[in-house]
Amino acid sequence: MAVNLRELSKQEVSLTGGHRLCAGCGAPIVVRQMMAAAETPIVASVATGCLEVATTIFPYTAWANPLIHSAFENSAATISGAEAAYRSLKAQGRIDKDIKFMAFGGDGGTYDIGLQSLSGAMERGHDMVYVCYDNGAYMNTGIQRSSATPKGADTSTSPAGRKIPGKPEHRKDLTAIMAAHNIPYVAQTTPAHWRDLVTKTRKALAVDGPAFLNVLAPCPRGWRVPPEDTIDICRLAVDTCYWPLFEVEDGEYTVNYQPRDKRPVSEWLERQGRFRHLFRDENKGIIDDLQDVTDRTWERLNRQAGD
Amino acid sequence: MSTATQSERVALTGNEAAATAMRQINPDVVAAYPITPQTEIVQMFSNFVADGDVHTEFVRVESEHSAMSAVIASAASGARSMTATSANGLALMWEMLYIAASYRMPIVMPVVNRALSGPINIHCDHSDSMGARDSGWIQLYSENAQEAYDNIIQAVRIGEHPDVRLPVMVCQDGFIISHAMDNLYVLPDEDVQAFIGEGGGQEHSLLDVDNPATFGPLDLQNWYFEHKRQQVEGMKNAHQVIPEVAREFADVSGRSYDFFEEYRTEDADVVVVVLGSTAGTAKDVVDAMRADGHKVGLVKIRVFRPLPADKLVESLLSRSAVAIMDRSDTFSSAGGPVYHAVRHALYDVDERPPVSNYIYGLGGRDIRPSQIRRVFEETLEVARTGQRSRSISYLGVRE
C-alpha cells in the first residue's frame, strides 16, 4: 500500500471547489485526502454541521460521490442503513458494483449527540468507516464547547470569564472509547500527515467491518489561528504529543510517530487565541494540568504499543 | 408459520398478523428496536430472519431514532424498508419522521398504539400516532387484526406510488388488537408478492455511484417552501391512490376498504365517529340501539392522513347531531385531534350538525358499551334539542 503523491494528485477531486467552508478549515482537506485515498467508489453520510451546510446548499452540491445527510446525531445510523441496503441488494443480485461506506461527523455529531448512534453502528459490525473531523467545539453554531474541547479553552459557552477561566473539564478520549469497541481498526491522524492519513484511510476501508478514524481538523475561527497555519498547528499538535498518531489493529496498538524532540504543550497552546488567557500567571496551573494529561496519555499509549 | 400457499383463515394476534404481513412483504431492509406492545413484531421477525424465511437485512439498531435514520438511508438506496414501533419509540423517532416524509421515502411502519409517557403507561391510546399526525406520514388506523394485516400490505403500494412517495404508518391498538387472538384471512405469500410488485421504487438511488446525488442538502429560503409544497401534493395525490390500491386489493382478497367505513348510517340522525378497535364495540351498541328503534350509525375512520375531509362532510352533513370519540387529547383545552379535524371539515357547510367531543380510554382505560351508549343517548338529545350542553366531555374518568 505504497502512498504515491503523484498518483494521489491525479485522483478526481471528490469534494469540489466552490463550497463555502472557511479559508483554512481542516474539514475539506481531510475529506479530499481521504476520498483521494479510496480505491473503491464511496457512498458517504454526513452529520449536520459545518461540512454539511457549507457543501450542500440546494440546488448545488460540492460532492462528486453519493452523499446523504438527514440529521445531526445519526451519521453512523444513516450509513448503516445504506450499507444494509447494499448488502441486501447485492445478495439479491440487484447491484453488482463494489461500494465502500463512509460516515463523516464533527466532534459535536460524534463525541456528543451522535455517540449512541456511532456506538451502535460499530457494535453491529457494519462494513463502514466513521470519520470524526475533530475541531474541538460546536463551530457551526458559533464555537460552543463540546466534550472534545480541551480544558481551559475559551468558547462561547465556556468563556474565559473573570471567575471561570474557560472550559473546566478535560476532553473525552473518544479514540480510546472506540478502541474499546474492539472493532478491527481505530486510528488517529491529522491532515498535515497526509501519508499517514492516506495509509490509515486505506487500512480502514480495507478491513472487513467497522473502522473509526479521529482526525484533527483545525478551525481557524474557533481556535483563533490564521487560516494559513492550519497545517502547522496540526504538526505542532503531534509534536507536542497532544494529538498522537497511532492506530489500533485488531486490538494491537502502534504509535506511528515518535517526535524526535517532544515539544511542551504550551507551544501548541500559545499559537491559539482560544488559550491566550491561560498564559496569565493565575491560570498557569491549567497549562501544567494539560501537560500532565498529555504526558500520561502519551506514556499509556506507548505502553499499550509495547514501545 | 413459515409460508402460506392459499388464502386461509387463521387465529393470530394483531402483532402476529403484522409480523406475517412483514414476512410476506419480505422487505429488503428492516431496522427496528423493541418496545412494548410492539416487541413481539420484532421478535417474530427475528425468527423469520434466523430461519431464512425472508431475505431481509435486519438491522438491530440501538434505538428508534437510529431505526428511522437507517430506514431513511436504506429507502434512499432503493431498498424496500420497514420498521415498527410504539409510543415513546415513536416519540424518539419524531425528528426523523418529518425527515422521512420530506425526503419522500416510502417506508412502511406498523405502529402499535400505546399511551405516550408521562406518566409511563404501556396500554392503548392514540396519543403516540396522533402526536405524529402532522409529520407528513400517511396514517391508516385498523379496527382489528385483519385490518392491520390488510392495511400493512396496502401501505406498501400506497407509499411507493410514484404520485405519492410518502411513508405510511399503520396503526393498531396496543394490547386490545396487538395481543388479542383474532380470526383472520391471510393471503398466500405469492399473492402478496404479486400485489406489492418489485420493491423500492426509488428513482435516484443513493447507491448509484455512476450518477451521484446528494440527498438531504441544506434547503434555504429560496427552495424549502417549494419542496414542502410538493410534499403537500404527494399527500393530495394519495386521495386518488388509496382507493385505487383498495380496489386492487379487493380483487385479490375479497375485502373492501375505503377512507372510512359507514356502519348503518343510511338513515341515521345521529352518527358517532371513532377510529381503531373501539369501532367494534360501537357497532354492537349501534345494533342494540337500532333494535330499540333509534336511528343511529357509526363512521369509523381508516385514513386519518390524508384527511378525507370532503367525503366526511358528505357523510355527516345531513345528520341532526354528530359525536367524535377521541382516544387522545391535544391539551389545547379545545378537544381531541379527530374532533378538531372533523369539526373543521364541517365549517364550510351552512347547515352543519352540532358536533360534540368525547375523550376516552387514555392509558388503556376500558371503554364499555354502556359508555358508548351514553354518547349516543346524549347525542340523540342534542339532535332533539339542537343544543349541546357541553362540547367536550371526558368519558369514564374520575373527575
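What counts and how
- Residues numbered from 1 in each chain as written.
- Chains lettered and ligands numbered in written order.
- Predicted model: local features only at pLDDT ≥ 70, side-chain atom pairs only at ≥ 80, totals over all residues.
- Pairing = 2+ DSSP bridges.
- Helix = DSSP H or I, 4+ residues; strand = E, 2+ residues; numbered from the N terminus.
- Axes fitted to C-alpha atoms, helices over the stretch in contact; angles between N-to-C directions.
- Contact = placed C-beta atoms within 7 Å.
- Domains from an automatic or database assignment.
- Nonpolar A, V, L, I, M, F, W, Y, C, P; charged D, E, K, R; others polar.
- pLDDT = per-residue confidence, 0-100.

J.: Mind showing me how you'd approach the sheet that holds strand β11 (residues 270-274) of chain B here?
T.: Strand pairing within a sheet occurs via backbone hydrogen bonds; the two strands may be parallel or antiparallel. Residues and elements named next belong to chain B. An order of β10-β12-β11-β14-β15-β16 is seen for the six strands of this open sheet, with the pairing classed as mixed. Of all strands in the sheet, those bounded by a partner on one side alone are β10 (260-263) and β16 (392-395). Ignoring strand direction, the axes of neighbouring strands in this sheet form an average angle of 20°. Inspection of the sheet shows β11 paired to strand β14 (residues 321-326) by four bridges, in the parallel sense. Bridge assignment links Val-271 to a residue of β14, and that residue is Val-322. Here helix α10 (residues 278-291) sits on the sheet in contact with β10, β11, β12 (296-301) and β14, set at roughly 165° to β12.

J.: Explanation requested: the domain arrangement of chain B in the structure shown.
T.: Quoted interface sizes are often the accessible area lost when the parts come together. All names here are of chain B. Here chain B is partitioned into domain 1 (8-253) and domain 2 (261-395). The C-alpha centroid of domain 2 is placed 28 Å from the C-alpha centroid of domain 1. With 25 residues of domain 1 in contact, the opposing surface of domain 2 contributes 19 residues. The element contributing the most residues to the side of domain 1 that touches domain 2 is helix α9 (residues 224-253), with five residues. Its residues placed into classes, the side of domain 1 that touches domain 2 shows 13 nonpolar, seven polar and five charged.

J.: Help me understand the confidence of the model for chain B, please; the structure alone is not making it clear to me.
T.: If pLDDT is low for a region, its predicted coordinates should not be looked at in detail. All names here are of chain B. The pLDDT averaged across chain B works out to 96; a share of 98% of its residues lies at or above 70. Here strand β1 (residues 8-13) stands out as the element of chain B with the lowest mean pLDDT, 95, in contrast to strand β6 (residues 138-141), whose mean of 99 is the highest. Reported for the predicted complex are a pTM of 0.97 and an ipTM of 0.97.

J.: When you look at the interface of chain A and chain B in this model, what are you seeing that I'm missing?
T.: Taken together, the 41 residues of chain A in the interface contact 40 residues of chain B. Mapped by element, the contributors of at least two residues to the side of chain A that touches chain B are β1 (42-46), α3 (50-53), β2 (67-68), α4 (75-91) and α6 (115-124) of chain A. A per-element tally of the side of chain A that touches chain B places α4 of chain A first, with 13 residues. Here β2 of chain A pairs with strand β9 (residues 214-215) of chain B via two bridges, running parallel. Paired with Ile-68 of chain A across the two strands is Phe-215 of chain B, which belongs to β9 of chain B.

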